[in-house]
Amino acid sequence: GAVVSQHPSRVICKSGTSVKIECRSLDFQATTMFWYRQFPKQSLMLMATSNEGSKATYEQGVEKDKFLINHASLTLSTLTVTSAHPEDSSFYICSAGTGTGSDQPQHFGDGTRLSIL
Amino acid sequence: QKEVEQNSGPLSVPEGAIASLNCTYSDRGSQSFFWYRQYSGKSPELIMFIYSNGDKEDGRFTAQLNKASQYVSLLIRDSQPSDSATYLCALRRGSYIPTFGRGTSLIVHP
């Protein structure tokens, strides 16, 4: 089955640090990947759609200069949380599908738990 | 009206019972429907997907789709404590971004 690898799984760092999270599709190519954020006991919140070779599409209210997304290849998308602050502490999850058709399910990475001190 | 509606629960069932999880949606153009399971502190994992009206069975899981009534459900037979998790309903229309419900918390008690 389709495997999405995400790392690191956990990051603890000081306020003001920039943190990069990687999302890789291991056995398939993904022209589109999605980045989500989830606070404790809350639902998934879509942050942005990452498109290979072009700019990401951000959801309303998500600061594109704060959350930098790069999708430089068909198997790798990165999310960089710039100058992270405690309010950015959350569970960040990426997902990818094997195609863009409606019948393609999304497969999730294991998530990155970010804690900003 | 939210695009995908799920009762947040928790739904509590005894071990061995059938758990029934429901999801309604507003977009009649939705073509594909997915059920994900998310354990606390973990990311969602795909359980099943269904495209056509009717039932689709996979082991202890059965997905049911009724496009006319705009609902999709997931039945879990012989529920086990290890099934305790949040179940997310998702749908997709064409190449549009998948839409997720907020999830239903299921508790299976021994």
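Coordinates for the structure precede this section.
This one's a predicted model, so the numbers in the text were calculated from it and none came from an experiment.

Criteria and cut-off values
Residues numbered from 1 in each chain as written. Chains lettered and ligands numbered in written order. Predicted model: local features only at pLDDT ≥ 70, side-chain atom pairs only at ≥ 80, totals over all residues. Heavy atoms only, no water. Pairing = 2+ DSSP bridges. Helix = DSSP H or I, 4+ residues; strand = E, 2+ residues; numbered from the N terminus. Axes fitted to C-alpha atoms, helices over the stretch in contact; angles between N-to-C directions. Contact = heavy atoms within 4.5 Å. Buried area = accessible area lost by both parts, 1.4 Å probe. Polar contact = N/O pair within 3.5 Å; in protein donor to acceptor, adjacent residues only side chain to side chain. Nonpolar A, V, L, I, M, F, W, Y, C, P; charged D, E, K, R; others polar. Core = buried A, V, L, I, M, F, W, Y, C linked by side-chain atoms within 4.5 Å. Buried < 20%, exposed > 50% of the residue type's maximum accessible area, 1.4 Å probe, protein only.

Undergrad: I'd like a description of the sheet that holds strand S3 (residues 19-25) of chain A, backed by residues and values.
TA: Residues and elements named next belong to chain A. Strand order across the open sheet formed by four strands is S1-S3-S8-S7, with antiparallel pairing between neighbours. Pairing within the sheet leaves two strands with one partner each, and these edge strands are strand S1 (4-7) and strand S7 (67-73). On average, each strand axis in the sheet is inclined to that of its neighbour by 15°, with strand direction left out of account. By the bridge criterion, four bridges tie S1 to S3 in an arrangement that is antiparallel. Bridge pairing links His 7 to Glu 22 in S3.

Undergrad: Lay out the interface of chain A and chain B with the relevant residues and their values.
TA: In this assembly, 25 residues from chain A lie in contact with 21 residues from chain B. Buried surface at the junction of chain A and chain B, summed over both partners, amounts to about 1600 Å²; 57% is from carbon and sulfur atoms. Summed over the shared surface of chain A and chain B, the number is four residue pairs in polar contact (both at pLDDT 80 or more). When residues of the side of chain A that touches chain B are traced back to their parent elements, those giving at least two are strand S4 (32-38), strand S5 (45-51), strand S9 (90-96) and strand S10 (107-108) of chain A. Within the side of chain A that touches chain B, the residues separate by chemical class into eight nonpolar, 13 polar and four charged.

Undergrad: Report on the nonpolar core, specifying residues and quantitative values.
TA: Within the largest apolar cluster, 24 residues are counted, with the highest numbers of intra-cluster contacts made by Trp 35, Phe 67, Leu 79, Tyr 92 and Leu 114 of chain A. Of all the secondary-structure elements, those providing two or more residues to this core are strand S2 (10-13), S3, S4, S5, S7, strand S8 (76-81), S9 and strand S11 (112-116) of chain A. Among the nonpolar cores identified, the runner-up in size contains 23 residues, and Val 13, Cys 23, Trp 35 and Met 48 of chain B belong to it.

Undergrad: Quick one: what's the story with unusual backbone geometry, residue by residue and with numbers?
TA: Cis geometry is found at the peptide bond from His 7 of chain A to Pro 8 of chain A, where omega equals 5°. Positionally, Pro 8 of chain A belongs in the loop between S1 and S2. Between Gly 9 of chain B and Pro 10 of chain B the backbone carries a cis peptide bond, its omega angle lying at 10°. Topologically, Pro 10 of chain B is positioned in the loop between strand S1 (4-5) and strand S2 (11-14). The backbone of Gln 70 of chain B shows a phi angle near 60°, a positive value even though the residue is not glycine. Secondary-structure assignment places Gln 70 of chain B in the loop between strand S7 (61-66) and strand S8 (71-76).

Undergrad: Describe the pairing of S11 of chain A, and please don't skip the residues or the numbers.
TA: All names here are of chain A. When you tally the buried positions in S11, you get four out of five residues, the bulk of the element. With four bridges connecting them, S2 and S11 associate as parallel partners. Across the sheet, Val 11 pairs through a bridge with Leu 114, a residue of S11. Bridging between S9 and S11 involves three bridges; their strand directions are antiparallel. Following the sheet pairing, Ser 90 is matched in S11 by Leu 114.

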